[in-house]
Amino acid sequence: MSFSFATNLAGSQLPNPVLTASGCAGSGKELSQFFPLTELGAIVTKSIMIKPRSGRATPRMAETPSGMLNSIGLQGPGVDLFLENDIPWLASQGARTIVSIAGETVEDYAVLARRMRNLPGVVGIEVNISCPNVENRGMVFSCQPESARAAVEAVRRNIGGDLPIIAKLSPDVTDIVAIAREVSHAGADGVALINTLLGMVIDTDVMLPKLAQKTGGLSGPAIRPVAIRAIYQVHAALPQLPILGMGGITHGRDAFEFILAGASAISVGTATFGNPTAVMKVKDELEEILIQKGFTGVSEAVGFAHREMK
Amino acid sequence: MNPRAKQLQAEVVSNKKVGSYHHMVFSVGDLAQAALPGNFVAIAVGGPASSMVLRRAFAIYRSSEKGINGGLIELVVAPHGQGSRWLTSLRAHDHVDMVAPLGTHFGIPTEPVRALLVGGGYGSAPLFGLAELLKARGCRVDMVLGASTASKIYAPLEGKRSVSSLTLTTDDGSTGISGKITDVLPKIIEENDIEIIYSCGPMAMLSAITQISDRYEILHQCAVEESMACGIGVCMTCVLPVKGDDDQIRMLRSCIDGPVMDGSRVIWDSKRRIPEGTWGA
């Protein structure tokens, strides 16, 4: 029996289901020194905004048990330099690219979506409506159904063509299924679950918050059960909605757990900080596990943990 | 990013306590010859089931290409936190997951110059290899090392051979001159007609040295210490504002645009605030 590692993520056909996570792989250059980017299902870029952005003041990172807090604050070169430098370079590497975009207003999302038309090598757009490191917590679009819908609709109306749109959601909500349903109705082809959880660490020596911005996004294995729960809930309620899963994936068996919960593809994020080749390790281990368990393809395993409830 | 960087399983050759620090030697094969003074390594800590998800960065103390154990990289590790305590608990023949060499290195002048090397605490580590290299190029090398107390000055005997003069300072006066490192710099700069300062140590010290190097209008190459999560340029946590040739201030990554930077370009005193008009990398 032959095995196929390919997966379909919201309409994008990928040779394998293992991706990088936005904000954990730059725009690919740094990691390309450790493995060819073509080995990835796709690379998900750091979130691109309209203007160059300094990000937040330092310290902007704190290690936590099995995780870390970050308050990078979307540091980046802005969309002009990104399109001029990063996209052609990624295309020259033969990489399949999912561009993550982030806006401060609904209009920003519309403008960014228009700039994403007809780019070489781009196989999807991840709409980051859930970054916790923004000046105004009210700007976390995915925390309210209305703003989540507005941002995704703006992308849908302006993207043109059939480039898949994946809305990245925050777990810091009362009912993540309701938000997923809302963005699906607004035209998202899939959802990315989950972004970081808002957290804080206080330095007990100086007795002040460790991060300059006080709060930061918690990532790493510590949040994995939260991600699994969110994916399981959304897949149970909306089985046709494709899910890109992420949240503390470090080993192949973690990735397998996400697929069992309902993810069609997964992103490796924080693990890359501890190990530049983590994403390749996850990929190899996942393939082995899928074969060992007797699956002939990824799609067979997607949501397999739901079978007793169906 | 350092194009010579590779990931490897490095064997611990030896681990010896020296004062408040540990001198650790790792077998790294051919990678040793790629390491230059100022470069650093990033090591995964805590073993396979570790709850510590981030790599730890350490400046390379010395590297040597040939020995019984092949190429070696030597580190000076201060067991400050959980990760460095795990590292310093390792014994010979244990292995660590290491990425090396990383970052920029100290620039070596093509003509012999009069150089002053300034190190704070275990920040002195990368300066000894640099001193040897400068001496081999015919430079005069003076060195100043300082710390809060005597046991926190790292100054091995063999390291002293390459320098024309060594001045020690401690905050508590337990060895050398009592006071701050920067108190003694003006006199040494004037007496020896210093043309370039190389430094490594806490950020406040580097900032204070920059004020002095600016006043004397001499070059200042410093290896900055910002806390890192990955060491390879993807996490964006080790950033600091640096003014470019175009006068634009950008948040640069100290792991790939540093750690060695031109002191006069760094916007110091940026902890917990970002200068107006700064761009992202």
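The rules behind the values
Residues numbered from 1 in each chain as written. Chains lettered and ligands numbered in written order. Predicted model: local features only at pLDDT ≥ 70, side-chain atom pairs only at ≥ 80, totals over all residues. Helix = DSSP H or I, 4+ residues; strand = E, 2+ residues; numbered from the N terminus. Buried ≥ 20, exposed ≤ 12 C-beta atoms within 10 Å, placed from the backbone. Contact = placed C-beta atoms within 7 Å. Nonpolar A, V, L, I, M, F, W, Y, C, P; charged D, E, K, R; others polar. Core = buried A, V, L, I, M, F, W, Y, C linked by C-beta atoms within 7 Å. Axes fitted to C-alpha atoms, helices over the stretch in contact; angles between N-to-C directions. Parallel < 35°, antiparallel > 145°, perpendicular 65-115°, else oblique. Left-handed = near helix turned anticlockwise from the far one by under 90°. Pairing = 2+ DSSP bridges. Expected span 1.5 Å × (residues − 1). Arc of directions from axis to C-beta. Domains from an automatic or database assignment.

Caption draft 1: Structural context of the overall build of chain A. Across its full length, chain A carries nine helices and 16 strands. For chain A, the C-alpha atoms occupy an extent of roughly 55 × 45 × 40 Å along the three principal directions. Every one of the 310 residues in chain A was classed for burial, and the buried ones make up 59%. For chain A, the proportion of contacts with a sequence separation of at least 24, taken over those separated by at least 6, is 73%.

Caption draft 2: Representation of the interface of chain B and chain A within the structure. At the junction of the two partners, chain B supplies 31 residues and chain A supplies 35 residues. For the side of chain B that touches chain A, the residue count by class is 18 nonpolar, seven polar and six charged.

Caption draft 3: Summary view of the nonpolar core. Ranked by internal contacts, the top residues of the largest apolar core, which has 190 residues, are Ile125(A), Val127(A), Ala167(A), Val191(A), Ile231(A) and Val41(B). Beyond its immediate chain neighbours, meaning those up to four positions away, Val127(A) contacts Ile101(A), Tyr109(A), Ala151(A), Val152(A), Val155(A), Ile165(A), Ile166(A), Ala167(A) and Lys168(A).

Caption draft 4: Inspection of the packing of helix α3 (residues 145-159) of chain A against helix α4 (residues 176-185) of chain A at higher detail. Residue and element names in this part refer to chain A. At a minimum axis distance of 8 Å, the contact between α3 and α4 shows a crossing angle of 30°. The pairing of α3 with α4 is recorded here as roughly parallel in orientation. Crossing of α3 over α4 shows right-handed handedness. Contact with α3, carried on its side by Pro145, Ala148, Arg149 and Val152, involves Ala178, Ile179, Glu182 and Val183 of α4 and no other residues of that element.

Caption draft 5: Molecular detail of the sheet that holds strand β9 (residues 165-170) of chain B. All names here are of chain B. The strand order β10-β9-β8-β7-β11-β12-β15 describes an open sheet built from seven strands, whose pairing is mixed. Two strands bound the open sheet, and with one partner strand each, they are β10 (177-178) and β15 (260-262). Across five bridges, the pairing between strand β7 (residues 114-120) and strand β11 (residues 196-200) is parallel. Paired with Leu117 across the two strands is Tyr198, which belongs to β11. Sitting on the sheet, helix α4 (residues 203-216) is in contact with β7, β11 and β12 (219-223), with an inclination near 175° to β12.

Caption draft 6: Main features of the pairing of strand β1 (residues 6-18) of chain B. Residues and elements named next belong to chain B. The sheet contact formed by β1 and strand β6 (residues 95-102) spans six bridges and is antiparallel. Bridging across to β6, Glu11 finds its partner in His95. Two strands pair when backbone bridges link them, and β1 and strand β2 (residues 21-27) are joined in this way by seven bridges, in the antiparallel orientation. Bridge pairing in β2 links Val12 to Phe26. Here β1 folds back onto β2 in antiparallel fashion, the turn holding two residues, of which Gly19 has a positive phi close to 60°.

Caption draft 7: Representation of the environment of Gly247(A) within the structure. Residues and elements named next belong to chain A. Relative to the helices and strands, Gly247 resides in the loop between β15 (243-245) and α6 (252-261). Separated by 29 residues in sequence, Gly247 and Leu218 place their C-alpha atoms 9.5 Å apart. Excluding anything up to four places from it in sequence, Gly247 contacts Ile194, Ile223, Arg224, Val226 and Ala227.

Caption draft 8: Summary view of the pairing of β2(B). Residue and element names in this part refer to chain B. Burial analysis of β2 places seven of its seven residues in the buried class, which makes it a mostly covered element. Burial along β2 is two-sided: Tyr21, His23, Val25 and Ser27 facing one way and His22, Met24 and Phe26 facing the other are all buried. As paired elements, β2 and strand β5 (residues 72-77) share six bridges and run antiparallel to each other. Bridge pairing in β5 places His23 opposite Val76.

Caption draft 9: Looking closely at α4(B). Residues and elements named next belong to chain B. When the terminal C-alpha atoms of α4 are compared, their 20 Å separation across 14 residues agrees well with the 20 Å that a helix rising 1.5 Å per residue should span. When α4 is considered as a whole, its buried residues turn out to be Met205, Leu206, Ile209, Thr210 and Ser213. For α4, the buried positions fall inside an angular range of 140° around the axis, keeping them on one side. Turned more than 90 degrees from where α4 packs its buried face, Gln211, Asp214 and Arg215 sit exposed. Its buried side turned inward, α4 meets β7, α3 (181-192), β11 and β12.

Caption draft 10: Local environment of the domain arrangement of chain B. All names here are of chain B. Here the domain parsing of chain B yields domain 1 (6-102), domain 2 (114-223) and domain 3 (227-281). With ten residues of domain 2 in contact, the opposing surface of domain 3 contributes eight residues. Tallying contributions element by element places α4 first for the side of domain 2 that touches domain 3, with six residues. Looking at the side of domain 2 that touches domain 3 residue by residue, the classes come out as four nonpolar, five polar and one charged.

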